[in-house]
Structure formats: C-alpha cells, structure tokens
Amino acid sequence: MTNAAQWLARIRALALSPAFRIMPTFRIMNVCGGHERSITMAGLRRALPASIELIPGPGCPVCVCPEELIHHAIQIALVDRATLVCFGDMLRVPVNVAKGEVRTLEQARGAGGDVRPIASPLEAVRIARELPDRPVVFFAAGFETTAAPVAAMLAEGVPDNLFVLLATRLTWPVVSMLLNSGEAGFDALIAPGHVATVMGPEEWAAVPAVHGKPAAIAGFTPESLLAAIYSVLRQAAEGRCFLDNCYPELVRPGGNPAARAQLARTMRVSEANWRGIGIIPASGLELADGWRQHDAARRFPEVATPGRKPAGGMPPGCGCAGVVLGRLAAD
Amino acid sequence: MEVLAIDGLMARCGAKGVERDVSLFLLQDQTVAPGDFVLVHVGYAIQTIEAQEARSVWELLDEMMAREQTE
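What counts as what
- Residues numbered from 1 in each chain as written.
- Chains lettered and ligands numbered in written order.
- Predicted model: local features only at pLDDT ≥ 70, side-chain atom pairs only at ≥ 80, totals over all residues.
- Heavy atoms only, no water.
- pLDDT = per-residue confidence, 0-100.
- Helix = DSSP H or I, 4+ residues; strand = E, 2+ residues; numbered from the N terminus.
- Pairing = 2+ DSSP bridges.
- Axes fitted to C-alpha atoms, helices over the stretch in contact; angles between N-to-C directions.
- Parallel < 35°, antiparallel > 145°, perpendicular 65-115°, else oblique.
- Left-handed = near helix turned anticlockwise from the far one by under 90°.
- Contact = heavy atoms within 4.5 Å.
- Nonpolar A, V, L, I, M, F, W, Y, C, P; charged D, E, K, R; others polar.

Colleague: Before we move on, can you summarise the confidence of the model for chain B with the specific residues and values?
Modeller: Residue and element names in this part refer to chain B. Of the residues in chain B, 82% have a pLDDT of 70 or more, and the chain-wide mean is 86. Within chain B, the lowest mean pLDDT, 68, falls on helix 1 (residues 51–70), and the highest, 96, falls on strand 1 (residues 2–7). Both scores are given for the predicted complex: the pTM is 0.90, the ipTM 0.89.

Colleague: How would you summarise the sheet that holds strand 7 (residues 188–192) of chain A if you had to cite specific residues and measurements?
Modeller: As a general point, the strands of a sheet are linked pairwise by backbone hydrogen bonds and lie either parallel or antiparallel. All names here are of chain A. Taken in spatial order, the 5 strands make up an open sheet running 2-1-7-8-9, and their pairing is parallel. Looking along the sheet, the strands with just one partner apiece sit at the ends: strand 2 (52–56) and strand 9 (243–245). Averaged over all pairs of adjacent strands, the angle between their axes in this sheet comes to 25°, without regard to strand direction. With 4 bridges joining them, strand 7 and strand 8 (residues 215–218) adopt parallel strand pairing. Within strand 8, the residue paired with Ile190 across the bridge is Ala216.

Colleague: Describe the packing of helix 8 (residues 144–156) of chain A against helix 13 (residues 257–266) of chain A, listing the residues and the values that go with them.
Modeller: Residues and elements named next belong to chain A. Where helix 8 meets helix 13, the closest approach of the two axes is 8 Å, and the angle between their N-to-C directions is 65°. The angle between helix 8 and helix 13 falls in the class roughly perpendicular. As helix 8 packs across helix 13, the resulting crossing turns out to be left-handed. Taking contact as the criterion, the partners of Ala147, Ala148, Ala151, Leu154 and Ala155 in helix 8 are, on helix 13, Ala259, Gln262, Leu263, Arg265 and Thr266. Residue composition of the contact of helix 8 with helix 13, grouped by class: 7 nonpolar, 2 polar and 1 charged.

Spelled out as structure tokens, the structure:
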C-alpha cells in the first residue's frame, strides 16, 4: 500500500512536469464536509505544491440549508410549541430576523422552546415514543448519506406524532449545475466517497464524460485523498479523463441497493432551494405519497413574519454562497 | 465499526472502545454477522467493509488525530 509520503512525492514530481508548468494553478474541488475536515486536519494544503489548490465546494449540509427552513424550524419550536429535534450542527446557524429576535435554534431553546440535539434518526423515534401526547418534529438536514437513514426510519415505521421537516439535498445536481453554469471554478473534482457508497459511483462519471474534467472518488484518510489528487493530476497531465474510484473498499457499482430502494419508496426528488444559491431543479427530496402524514411542513405550515427579508436572503456578512460555489476561501 | 452482537435489525457495534446501537435496516439484502465490519452514519450501517480495510483506516485516522494533537 502506498503511504502518504509516497503519494506526496508522486504528486510533487507530476506538478513539476512540463504538463503543469504551463498552468499557474490547478484547482481541485471537493464536495464533502468530511473530505474538507480530513484535508484540514492532515494539513494537506501546506504539504502540496503551491500550484495545486484544493477548494471546498457545496459539500456542507449546514452551509447549503436555506435560512427559510431554519426560520421555519424555529417557528415550529416557539410558535407551534412542538418538540424540535435536529443534528447538533444546525443549532447555531443564524437566520434573518429583526434585532433582538430569536435567530438560531439554540436561542429558541433559551427562549423556552423544546429543542433537542440528536445524533441519529433512531433518537428521534425514541423521543417521539417517550412523548406520545406531543408532536415531535425532526428537522433533517444532510445529503444522501443522511437521507438514506431518514428513509430507513420512515420505512421501518414511526409513531403518529413524529413529523419530518426534510432539508436533505442531493450532491450531484448542484455539481452538475456548477459545471453547466460555465463558471465551474475548478479543473478537477474529488467526488464524495460516502455519497457514492450509498448512491453508487455512476452519476459522477458525467464529470469526465460530459464535461471533460478529471474526477476521482476518495475516502477520508490522507492516503485516499492523496491517491485521488494524484489520479486527477495524472488524468490532466495525460489528457485522458475518466472517473477513478480511489475508495473501492466501500464504493461498489450501484452503491447500496437497499438504501436506494428505501429512498425511492419514501421520498421523491424535487426542486430545492440552496442557501445563497437559489432553486436547483431535482436537487432535493420530499416525502412520497403514503408518508405525507409525517410531513412537518404540512402539519405546521409556515406563518408569514412581518419584517423578514424575502426568501433566499442571507444574513449580513454571511459568505456561505461564495464558499460553497468555490469562489471564496473559508477562514 | 465492528459488529459485536445482532438482535433482529439492530446490532451492538464497537470501535476503539466505544459501543453503539446501530440499525442494520439498510443492509437487509446483505448477510451481516458478529465479527463483520460496517460503515456507520447517523446510527445506521450503510455498507459492509472488509476487516483488514477497516483496521487500516483506523490506524490511518489514529495517525492523523495524533498528528493534529501534537501540532
């Protein structure tokens, strides 16, 4: 097995080759919060040649969650007085409200709302069973890797008092939108290993096949990420693009068929709003027929709040859109 | 994580001294037994993984964490 130092040596040699000397920078985008975390933790940016730029794309479920939905979740907790459960990383994301009003779910809890962080859909079911007389709303944000467990939760059967405010998003449609926009802002793509574990590698094959850009699916160790970086550099150097699977231990053709079947059974693909980006066709999920009685957006419709900025607005100073579109470097 | 025990569609799984209850609902079309390794996301096993691969990933992640802590 090739180790990190060996991969780095190969990458350095390739970056000094004539193919890259003519390019000022080679920009590689990742679309996974886990990749970004590993890249940062392992210090990969410092270790790579200066001409290789690693840019984070729209791969953070918190950054892409539209603020209207967070505002809706706050309303459900404070106005509808339902118990609101969500993954802990959503608690501190701010929304547009007048000064002095509740702007995060954490503040909603401070203001008397029953807001509880959870680590799994299994906990949402347990809490709903413990509170049979109260509506419990699971505000579920995430990508395919989270949508599949939510689908499993629904398919396995949930109590009548459990509702889902679905904020799940699909990864490939947003990357496809970037590629079709003509301002993709990257020369190669590192595709998300766990999304491909669930959905299969196939959808990412359009990156080289249709858009002529190198692509590789990576896992989460420095070795796997460096292998993917080396792969896309080599593809560019040789002028031969293909989708390389650098995470074969988990990414198999067709992904996880049982997970895809549960997704297809309980949810259907819909257009969706992305924070700071706007509506992207076929990039979100909504509950399918047969599951709508658990739709929190139907059970607790959003009430208009006077003074709020129009949908799609961003809080002052929020650079999420620039970051997720690869046009701004995160701090 | 390593599957330690299975009760219906739930499994007790362990990784590096931490134990969790994990749903096997999304692996119903695969045979999973104690001693197998699974990739877990938000409490659900989403894929099986060879034991050797899982151990080497653990080692690499340990190395990464250790490096971060010393920096």
